[in-house]
Amino acid sequence: MKRSETAAPAAPAADGRTERGRQTREKIADAVLSLLDENQSHFPADKVAERAGVSRRLVFHHFADMAELAEVAVNRRLEQLAARIGPLPTEGPRELRVTALTEQRARILEGVTPTRLAVMRLENPSPRIQEAVRQMMDFARLRLAQVFAAELDPLPEPARSELLDGLDAVTTWSAWHHWRSCGQSPEEARHTMAATVRTLLAGAERTPQG
């Protein structure tokens, strides 16, 4: 008879309670995000609990207070948006790069608007939220420097930094929110952004080289 092989020890089963707790936290945070996406300016515990399909007691079992819940929800949305940021062309015709950048920015900025408005309504945004927003802005500026390196890098300072500052100003959320608040549709706002980027880049071509 063949000797039976000794089976490898089975991996310990995941703690079901821990996994259920994680799923419940995400469900509650997603309930806040769904309220934000509907442009609701307030999300009291009762409303969040109803949207998440849990009890009010369970909300405060998983979160110390509504400020902590808001922080978790905002960071969850920023992570979701960051995952949608794909690569952009850094070479090739300028118009191709302008179009790719502004199409992606329009999609991301429109998606982040409810969350940014919620952050503005927080009396004391946590350092974690402030840092997450700052990191997104820093990354957006870096991406601009990469996409338009062909136009930026030949310029002497301070012309290069000034152009980058201008491109940054017209492709971030503040400009987008201004255009949308003035009544422009998302497509109109995207066209405005693209036209402004083209104008800035064309103006830089007339900058005297050092």
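Attention here is on the structure that accompanies the text. This is a predicted model, so every value here is computed, not measured.

**Points about helix α2 (residues 45-52)**
Along α2, the residues that are buried comprise A45, V48, A49 and A52. With its buried residues spanning 100° around the axis, α2 presents them on a single face. The inward-facing, buried residues of α2 abut α1 (16-37), α3 (56-62) and α4 (66-82).

**What to know about the pattern of salt bridges**
As enumerated under the stated definition, the model contains 17 salt bridges in all. We note a salt bridge from R22 to E26, for which the minimum N-O separation is 2.7 Å. Note that R22 and E26 are positioned in helix α1 at a spacing of four residues, about one turn of the helix. According to the relative accessible area criterion, E26 is partly exposed, its value standing at 28%. We note a salt bridge from R141 to D165, for which the minimum N-O separation is 2.7 Å.

**Remarks on the layout of surface pockets**
Here the largest pocket is characterised by a volume of approximately 400 Å³. What lines the largest pocket is a set of 20 residues, among which I108, L109, M136, M137 and A140 lie closest to the centre. Of all the secondary-structure elements, those providing two or more residues to the lining of the largest pocket are α4, α5 (94-121), α6 (127-147) and α9 (173-181). In terms of residue count, α6 provides more of the lining of the largest pocket than any other element does, seven residues in total. Of the residues belonging to the lining of the largest pocket, the class tally is twelve nonpolar, five polar and three charged.

Criteria and thresholds
Residues numbered from 1 in each chain as written. Predicted model: local features only at pLDDT ≥ 70, side-chain atom pairs only at ≥ 80, totals over all residues. Heavy atoms only, no water. Buried < 20%, exposed > 50% of the residue type's maximum accessible area, 1.4 Å probe, protein only. Helix = DSSP H or I, 4+ residues; strand = E, 2+ residues; numbered from the N terminus. Arc of directions from axis to C-beta. Contact = heavy atoms within 4.5 Å. Salt bridge = Lys/Arg side-chain N within 4 Å of Asp/Glu carboxyl O. 1 Å grid on protein atoms, 1.4 Å probe; cavity = no way out; pocket = protein on both sides within 12 Å on 5 of 7 lines; lining within 4 Å. Points joined across faces, edges and corners; volume = space filled by probe spheres on them. Nonpolar A, V, L, I, M, F, W, Y, C, P; charged D, E, K, R; others polar.

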